[in-house]
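The chain contents come next:
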Amino acid sequence: MSTMVMGVESGMSPAVLAAAGALARGLDARLVCIHADSGRLIADKLSEGDLLASASPVSEELAWEITSVITGVELESYTVAGDPAKVLAAVAEQLDAQMIVVGTRRPGIRSKMAQLMDGSIAVALAHKQHRPVLVIPQQPAQDNELPWD
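Residues numbered from 1 in each chain as written. Predicted model: local features only at pLDDT ≥ 70, side-chain atom pairs only at ≥ 80, totals over all residues. Heavy atoms only, no water.

(A) Main features of the overall build of the chain. When its secondary structure is counted, the chain shows 5 helices and 5 strands. Relative to its full complement of 149 residues, the chain shows a buried share of 37%. Here the analysis covers contacts within the chain between residues at least 6 apart in sequence; of these, 80% occur between residues at least 24 apart. Accessible surface for the chain amounts to roughly 8700 Å². Of this, 55% is attributable to carbon and sulfur atoms. (Helix = DSSP H or I, 4+ residues; strand = E, 2+ residues; numbered from the N terminus. Buried < 20%, exposed > 50% of the residue type's maximum accessible area, 1.4 Å probe, protein only. Contact = heavy atoms within 4.5 Å. Areas by Shrake-Rupley, 256 points an atom, 1.4 Å probe, with all protein chains shown as cover.)

Next up, the structure:
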């Protein structure tokens, strides 16, 4: 069975969770959800060794958000301290994941400011590791909203 690593956060779009769950089911893959807690970051360097052995469970709220949408797959959820892109890449490497899945940022000015300050997790992942990165939109466009029409 292959493994997919997915970045998760409280309040993320159920559409992102549903798409990742459907993909995992279709690939018969285990889905490992990782909440990277950058607030707990003490040093810029991740701890050595098994990141999941020192990880903590996700919050009850986030666990409910995940399990209320994603069903029918082998599912694990962890909180790991550190920069999201670095944490996701390190966990994917540790688990020899087939791919890393992330959602786009939520729309709004706060999101734009966060992206300006922190950069895009998806872009950082795509440039700094060798696994495929799947970016799922928070709100998929409707057929009549496609930008190239």
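(B) Quick peek at helix 2 (residues 60–69). Here helix 2 has its buried residues at L62, E65 and I66. Seen along its axis, helix 2 keeps its buried residues to an arc of 90 degrees; they face one direction. More than 90 degrees from the buried face of helix 2, the exposed residues found are E60, E61 and W64. Where the residues of helix 2 are buried, they touch helix 1 (14–27), strand 2 (29–37) and strand 3 (75–81). (Arc of directions from axis to C-beta.)

(C) The pattern of salt bridges, seen in detail. Per the counting criterion, the structure on display carries 3 salt bridges. With a shortest N-O distance of 3.0 Å, E93 and R131 are connected by a salt bridge. Here E93 is found in helix 3 (residues 84–95), whereas its partner R131 is found in the loop between helix 5 (121–128) and strand 5 (133–136), with 38 residues between them in sequence. The class of E93 is partly exposed, set by a relative accessible area of 46%. A salt bridge links R131 to D96; the nearest nitrogen and oxygen atoms lie 3.1 Å apart. Taken as a pair, R131 in the loop between helix 5 and strand 5 and D96 in the loop between helix 3 and strand 4 (99–103) lie far apart in primary sequence, 35 residues in all. Given a relative accessible area of 8%, R131 falls into the buried group. Judged by relative accessible area, D96 falls into the exposed class, the value being 61%. Connected via shared salt-bridge partners are E93, D96 and R131. (Salt bridge = Lys/Arg side-chain N within 4 Å of Asp/Glu carboxyl O.)

(D) Quick peek at the sheet that holds strand 2. If you walk across this open sheet you meet the 5 strands as 3-2-1-4-5, and the pairing is parallel. Either end of the sheet is taken by a strand with one partner, and the two such strands are strand 3 and strand 5. Across the sheet, the mean angle separating the axes of adjacent strands is 25 degrees when strand polarity is ignored. When strand 4 meets strand 5, the two strands line up parallel, connected through 4 bridges. Counted as the bridge partner of V102 is V135 from strand 5. (Pairing = 2+ DSSP bridges. Axes fitted to C-alpha atoms, helices over the stretch in contact; angles between N-to-C directions.)

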